[in-house]
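Each chain is listed here by its residues.
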Amino acid sequence: MIRRPIPRWLVVLLGILGVFSLLAVYGGLSYRQSLVNEKQKVIPGLQAFGDGVTRMTAPQGSEETPKPSMLVTDLRATYWRLFLGTGLGVVLSVVVGIAMGAYRWIAAPLAPIISFLAKIPPTAMLPIYFVLVGSDQTMFTTMVALGIFFTMAQSVYQSIVNDVKDEAIDKAYTLGASDPEIVYEVIWKQVLPPILDNIRLQIGPAMIFLLAAEMLVGAEGMGYRIRMESRVLNMSIVYIYLCILGFTGLIGDWCLLWLRKKLCPWYDR
Amino acid sequence: MTKKHWIFVCLFGAAFAGCEPSNKSTPNSTGSGTAGTSSAKPATFTLAWSEYPSWSVFGVADEIGLLNKEAGKLGELEKKWNVDIVLKGVDYDTCLQMYGSNTADAVCITNMDTLGPATDRASVAILPTSTSVGADACIAVGVNDLEGLKGKTTRGLERSVSQYAFERILIKKGLNPKDYPFSNMDPGAAASALQTGDSNVQSIMVWNPFVMQTLRDQPKSKKLFDSSEIPEEIIDMVVVGKDSLAKEGGKAFASCIVETFYAINQRMADPKTADKTLVAIGANFSSLGLEDMKQVVQQTRFYKSPEEALKLLSSEEFRTKTMPAVAEFCVEHKIVEKKPSIGFDSADSQVNFDTSFLQAATSGK
């Protein structure tokens, strides 16, 4: 029967089974590739992963000028860029989205431009970014920020149009609310949950844009390392980096879900 | 909890088990299998090539019918050698990955990049196709000489021939590479950064077609030095996996590639077909036209005949100076952990420059 509930222990068991199956498939593939070439690094086994971890956590630089390990350097660079870029993009799109939802004269000129630009992948416009913001830190931040800005501003605007009813606004006016009060008390409170959901949806694209940019212009960061190491087939390092990225997305997702439950407990009811 | 749950669990397991057989067939279907055996059906081999003057030759060979890039179809020379060559025209980085993962039997690769995969897959260099004599260059905007470049970061692909050429030339000029920082950027991106006037990028080290493009499209740019200072150090070649070469039909595959390469070179030498061939190569190399291509083949000098190729491989300079220096660079920059053994006509080396196919091509005339 469709959608019949299953007991809790079965959910957990099947979840664990899924993870193990994934590992088993990986192990099988790794073994098969070893038959093709016993020294293969493409689908490395446990031993190779150990070596990979040792290499990426070993301190770099000379004794006089020690530098942090590969992993620390890359994580620091990538997370900082991701954090700044997403933060900026979210703030901008919320402000613009709400302004568009509140005032028709703001929405009228912006809506068509934004829905047009939302469809263009920012990584395809690399030279334009070079002209506008150069190729250093600013570029990564701008690319992530603009990459998610257009899509998100559009959906914030859409959810205000769809979810915030005219009656609610009229009622607030009748009760004597000012414009800023309506924006905060009526609009903001209603669109906060969809905004949080939207941020969750944008974590993936934000990481894609950042990694693509790092692969092309980065001198450090996860995208840079993935490209450099996969070029010489050090896949043990690459896969660990990919796992870290996967978990980053997962944890980000959970945090936002938790935040939504805390901030808007009424939403799930 | 009923039986139905267990059916679901079983289905789940079966789905994974089902993956196995279909996965197993992949190596065969990609053409690196040993399916040929003793039947008349020719064995299938894969050559991965990327757009570069002396490698785009294989794209042209497919266009004029010497080879047929598809599996199961034979070109003129494939019929002669009774071997089915599958040509995969992909990105350079993808070429390296395909070769390293045994997905391709042979690859178009530079002498330097051979060392990385060779530590895990013993490799046989069968054919040097060209050498860079100006195709890799350091170009700057607002910097007029090497004195001015001191302390300024040059952008280019790290751990590639770009960085190799950059450091080698500096050393050759008696300068210390430590005074000239080099930082990673994709060559295409670096070229467009310099062309758009990005203030962070003042100097780049890239290869063709980016060298030509940048010098033309950025009037303020100036070439500081190029690989003509280190001729015959950056070698473009075709490398076959030792395992693939040992397979039935492997030698025919290598011979067929060598013959194809020289067949196109003859068409480039023949005044009747020279321009046409050059245009065809240009169409397979960043869509360059005839005039550009005439300059390109000056900067990427082809080894036009087996004799020229043999001369390189027998030269003391290349054997005892260039290759050891390249290996040294690879270890220093952590491209390889340990130097692979490099040999000339020595089957046990991890990188073996095998001249037998070239020699056969000379006597074949």
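Residues numbered from 1 in each chain as written. Chains lettered and ligands numbered in written order. Predicted model: local features only at pLDDT ≥ 70, side-chain atom pairs only at ≥ 80, totals over all residues.

**Things to note about the overall build of chain A**
Argument step 1. Along chain A, the regular secondary structure elements total 10 helices and two strands.
Argument step 2. Its helices and strands in sequence order give chain A the pattern α-α-β-β-α-α-α-α-α-α-α-α, from N to C terminus.
Argument step 3. Projected onto its principal axes, the C-alpha positions of chain A cover 75 × 60 × 35 Å.
Argument step 4. A buried classification covers 34% of the 269 residues belonging to chain A. (Helix = DSSP H or I, 4+ residues; strand = E, 2+ residues; numbered from the N terminus. Buried ≥ 20, exposed ≤ 12 C-beta atoms within 10 Å, placed from the backbone.)

**Considering the confidence of the model for chain A**
Argument step 1. In the predicted model, chain A carries a mean pLDDT of 90, and the fraction of residues at 70 or more is 99%.
Argument step 2. Of all helices and strands in chain A, the one with the weakest mean pLDDT is strand β1 (residues 60-61) of chain A (75), whereas helix α3 (residues 70-102) of chain A scores best (94). (pLDDT = per-residue confidence, 0-100.)

**Comments concerning the sheet that holds strand β9 (residues 221-226) of chain B**
All names here are of chain B.
Argument step 1. Across the sheet, five strands lie side by side as β7-β6-β8-β5-β9; this open sheet has mixed pairing. Each having just a single partner strand, β7 (182-184) and β9 make up the two edges of the open sheet. Averaged over all pairs of adjacent strands, the angle between strand axes in this sheet comes to 30°, irrespective of strand direction.
Argument step 2. Where helix α8 (residues 161-172) meets the sheet, it contacts β5 (136-141), β6 (154-156), β7, β8 (203-207) and β9, and its direction lies at approximately 120° from that of β8. (Pairing = 2+ DSSP bridges. Axes fitted to C-alpha atoms, helices over the stretch in contact; angles between N-to-C directions. Contact = placed C-beta atoms within 7 Å.)

**Section: the interface of chain A and chain B**
Argument step 1. Contacts between the two partners involve 31 residues from chain A and, on the opposite side, 33 residues from chain B.
Argument step 2. Put simply, the parts of the chain that give the side of chain A that touches chain B at least two residues each are α1 (8-36), α5 (126-133), α8 (179-217) and α9 (222-231) of chain A.
Argument step 3. Here the side of chain A that touches chain B gets seven residues from one element, more than from any other, and that element is α1 of chain A.
Argument step 4. Tallied by class, residues from the side of chain A that touches chain B come to 18 nonpolar, eight polar and five charged. (Nonpolar A, V, L, I, M, F, W, Y, C, P; charged D, E, K, R; others polar.)

**Let's talk about helix α5 (residues 92-100) of chain B**
Argument step 1. Summarising burial for α5 of chain B: seven of the nine residues are buried, a large majority.
Argument step 2. Buried within α5 of chain B are the following residues: Tyr92, Cys95, Leu96, Gln97, Met98, Tyr99 and Gly100 of chain B.
Argument step 3. On its buried side, α5 of chain B packs onto α9 of chain A together with β1 (43-49), β2 (83-89), β3 (106-110) and α6 (111-118) of chain B.
Argument step 4. Just downstream of α5 of chain B, asparagine 102 of chain B is the residue with a positive phi angle, here 60°.

**Examining the environment of threonine 119 of chain B**
Argument step 1. When you line up the elements, threonine 119 of chain B lands in the loop between α6 and β4 (123-132).
Argument step 2. Once residues lying within four places of it in the same chain are set aside, the contact partners of threonine 119 of chain B are Val336, Lys338, Pro340 and Gln350 of chain B.

**Things to note about the packing of α6 of chain B against helix α16 (residues 316-332) of chain B**
Residue and element names in this part refer to chain B.
Argument step 1. Where α6 contacts α16, the axes come no closer than 10 Å and their chain directions differ by 60°. As judged from the angle between their axes, α6 and α16 are oblique. α16 is crossed by α6, and the crossing has right-handed handedness. Residues Asn111, Met112 and Leu115 of α6 touch α16, and the partners they reach there are Val326, Ala327 and Cys330. (Parallel < 35°, antiparallel > 145°, perpendicular 65-115°, else oblique. Left-handed = near helix turned anticlockwise from the far one by under 90°.)

**Quick look at the packing of helix α3 (residues 56-63) of chain B against helix α13 (residues 274-283) of chain B**
Residues and elements named next belong to chain B.
Argument step 1. Relative orientation of the contacting elements α3 and α13 amounts to 110°, with a least axis distance of 8 Å. When the axis of α3 is compared with that of α13, the two are roughly perpendicular. Handedness of the α3/α13 crossing: right-handed. On the side of α3, the interface is formed by Ser56, Val57, Val60 and Glu63, while α13 contributes Thr277, Ala280 and Ile281.
Argument step 2. For the contact of α3 with α13, the per-class residue count stands at four nonpolar, two polar and one charged.

**Looking at the nonpolar core**
Argument step 1. Counting residues in each nonpolar core, the largest one holds 157 residues, and the members touching the most others are Cys95, Val107, Ile126, Leu127, Ile257 and Val258 of chain B.
Argument step 2. Two domains each provide a minimum of three residues to this core, namely domain 1 (43-130 + 234-363) and domain 2 (136-229) of chain B. (Core = buried A, V, L, I, M, F, W, Y, C linked by C-beta atoms within 7 Å. Domains from an automatic or database assignment.)

**Some words on the environment of glutamine 154 of chain A**
Argument step 1. Along the polypeptide, glutamine 154 of chain A turns up in helix α6 (residues 137-163).
Argument step 2. Sequence separation between glutamine 154 of chain A and valine 96 of chain A is 58 residues; the distance between their C-alpha atoms is 9.0 Å.

**What about the domain arrangement of chain B?**
All names here are of chain B.
Argument step 1. If you check the domain split of chain B, you get domain 1 (43-130 + 234-363) and domain 2 (136-229).
Argument step 2. Averaged C-alpha coordinates put domain 1 and domain 2 at centres separated by 27 Å.
Argument step 3. Residue-level contacts link 14 residues of domain 1 with nine residues of domain 2.
Argument step 4. Take the side of domain 1 that touches domain 2: its biggest share by element is four residues, from helix α14 (residues 290-299).

**Comments concerning helix α17 (residues 356-363) of chain B**
All names here are of chain B.
Argument step 1. Those residues of α17 that fall on the buried side of the exposure criterion are Phe357, Leu358 and Ala361. When α17 is viewed along its axis, its buried side chains cluster within an angular range of 100° and face the same direction.
Argument step 2. In this structure, the buried residues of α17 make contact with β4, α12 (250-269) and α15 (306-314). (Arc of directions from axis to C-beta.)

**Let's talk about the pairing of β1 of chain B**
All names here are of chain B.
Argument step 1. Within β1, seven of the seven residues are buried, which leaves it mostly tucked inside the rest of the structure.
Argument step 2. Of the two faces of β1, the one lined by Ala43, Phe45, Leu47 and Trp49 and the one lined by Thr44, Thr46 and Ala48 are each fully buried.
Argument step 3. As judged from the seven bridges shared by β1 and β2, these two strands associate in the parallel manner. Paired with alanine 48 across the two strands is lysine 88, which belongs to β2.
Argument step 4. Sheet topology note: the β1/β3 ladder contains two bridges and is parallel.

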